[in-house]
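# A look at the structure
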Amino acid sequence: MAEVVIYTRQLCGFCTAAKRLLEKKGVAYQEFDATFDPALRQEMVQRANGRATFPQIFIGSTHVGGCDELHDLERAGKLDPLLAA
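This section reports on the structure supplied with the text. (Residues numbered from 1 in each chain as written. Predicted model: local features only at pLDDT ≥ 70, side-chain atom pairs only at ≥ 80, totals over all residues. Heavy atoms only, no water.)

### Topic: the pairing of strand S2 (residues 30-33)
Just so we agree on the cut-off: Here the rule is simple: two strands pair whenever DSSP picks up at least two bridges between them. Runs of E in the DSSP output that reach at least two residues are strands. Runs of H or I that reach at least four are helices, and both are numbered from the N terminus. A crossover counts as right-handed when, viewed with the strands pointing away from the observer, the path leading from the first strand over the helix to the second turns clockwise.
Across four bridges, the pairing between strand S1 (residues 4-8) and S2 is parallel. Within the sheet, the bridge partner assigned to valine 5 lies in S2 and is glutamine 30. With helix H1 (residues 13-24) bridging S1 and the parallel S2, this β-α-β connection has right-handed handedness.

Right under this line is the structure:
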């Protein structure tokens, strides 16, 4: 299974929804809470090609985007193959 990394911040409903979907699918993920860490937030923005919204999700070497994009992949049936890669 591909490594999943999610950058989050506290009190973020979109972060919670994205993590809930991953947990529902039984996917282990590495979470980086950037709420109070400007350096971590900058790392996220660089990895996400300038995107600064939360969450930012990476599956393997693929930048998925945020919560909406993660759910879009699931609805399209493309999330499982990406996770399996």
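### Remarks on the sheet that holds strand S3 (residues 56-59)
Condition: Lines fitted to C-alpha atoms define the axes, with helix axes restricted to the stretch in contact, and inter-axis angles between N-to-C directions lie between 0 and 180 degrees. Contacts were defined at the residue level, with two residues in contact if any of their heavy atoms lie within 4.5 Å.
Strand order in the open sheet formed by four strands is S2-S1-S3-S4, and the pairing between neighbours is mixed. The strands lining the two open edges of the sheet, one partner per strand, are S2 and strand S4 (62-65). Strand after strand, the sheet turns through a mean of 20 degrees between neighbouring axes, direction not considered. Packed on one face of the sheet, helix H2 (residues 38-47) meets S1, S2 and S3 and runs near 125 degrees to S1. Across the sheet, helix H3 (residues 67-75) is in contact with S3 and S4; its angle to S4 comes to roughly 105 degrees.

Keep in mind these numbers describe shape, not what the thing actually does.
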